[in-house]
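# Structural characterization, general
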Amino acid sequence: MILYHTSTEEIQTPDIEHSRERLDFGKGFYLTPLQMQAERYGERFSRRGDSAILNTYSLDEERTNCVHKVFDAYNGEWLDFVTACRRGLPHEQYDIIEGGIADDQVFNTVDLYFSGIYTREQALDQLRFKQPNHQICITSQRVLDQYLHFQSSIRL
């Protein structure tokens, strides 16, 4: 599987240590199989005057001893998981987590839920109309080292 990660630099050897906390799926290395999505993400670096580098990786299809979670939709399970991760609360641990991104439109709904303005049901009602973008978060350094392989990088 070919995956993309946009940064301000080439990242040949990703590591969990430099990842930020309290993101959608917690601390990890985030990628997407959608090249256009990764390129659009790079625009935020360009707007700040930074270089945007599109890094390309391959992820082995065969992965032993790897706990993989896939969220197929913006649903209650996804909402609860993202809420826990963004709040820094304990949550189920996976090596690889796959699912929708809480982008600006989705995050507005999630934020209204966080703040208590939307009930869980109201948030889920809004989210069911959103088409998820796709992100993959690798939370295990062992998985990064063993199964993710740097291919190339280009300046956007």
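Right above here is the structure, for reference.
Residues numbered from 1 in each chain as written. Predicted model: local features only at pLDDT ≥ 70, side-chain atom pairs only at ≥ 80, totals over all residues. Heavy atoms only, no water.

## Observations regarding the nonpolar core
Put simply, the rule reads: The definition of a nonpolar core used throughout is a set of buried Ala, Val, Leu, Ile, Met, Phe, Trp, Tyr and Cys residues joined through side-chain atoms within 4.5 Å. Note on exposure labels: buried denotes an accessible area under 20% of the residue type's maximum, exposed denotes more than 50%, and partly exposed covers the range between, all computed with a 1.4 Å probe on protein chains only. We count a stretch as a helix when DSSP gives it H or I for four or more residues in a row; a strand needs E for two or more, and each element gets its number in order from the N terminus.
Formed by 19 residues in total, the largest nonpolar core has its most connected members in F25, W78, L79 and F81. With five residues, the single largest contributor to this core is helix α2 (residues 76–87).

## Focus on the environment of I96
Just so we agree on the cut-off: Contacts: residue pairs with any heavy atoms within 4.5 Å of one another.
For I96, the location among the structural elements is in strand β5 (residues 96–99). Each C-alpha atom of the pair I96 and V143 lies 8.2 Å from the other, and the pair is 47 residues apart in sequence. Excluding anything up to four places from it in sequence, I96 contacts R63, C66, V67, H68, K69, I136, C137, I138 and V143.

## As for the packing of α2 against helix α4 (residues 120–127)
The axes of two packed helices give the description: the angle between them and the distance between them. Heads up, the rule is: To get an axis, a line is fitted to the C-alpha atoms, and for a helix only the part in contact is used. The angle between two axes follows their N-to-C directions and goes from 0 to 180 degrees. Orientation is classified from the angle alone, with under 35 degrees giving roughly parallel, over 145 giving roughly antiparallel, 65 to 115 giving roughly perpendicular, and any other angle giving oblique. Left-handed describes a crossing whose near helix is turned anticlockwise from the far helix through less than a right angle; right-handed describes the clockwise counterpart. In this classification, the charged set is Asp, Glu, Lys and Arg, the nonpolar set is Ala, Val, Leu, Ile, Met, Phe, Trp, Tyr, Cys and Pro, and all remaining amino acids, among them Gly, are polar.
Where α2 contacts α4, the axes come no closer than 10 Å and their chain directions differ by 110°. Taken together, the axes of α2 and α4 are roughly perpendicular relative to one another. Between α2 and α4 lies a crossing whose hand is right-handed. In this structure, α2 uses G76, E77, W78, L79 and D80 to contact α4, whose residues at the interface are R120, A123, L124 and L127. Among the residues making up the contact of α2 with α4, the classes are represented as five nonpolar, one polar and three charged.

## A short note on unusual backbone geometry
Here R22, not a glycine, exhibits a phi torsion of approximately 55°, which is positive. If you trace the backbone, R22 turns up in the loop between β1 (2–7) and β2 (29–31). Here N65, not a glycine, exhibits a phi torsion of approximately 55°, which is positive. Its location among the elements puts N65 in the loop between β3 (53–59) and β4 (68–70). Among the residues examined, N65 registers a relative accessible area of 67% and is labelled exposed.

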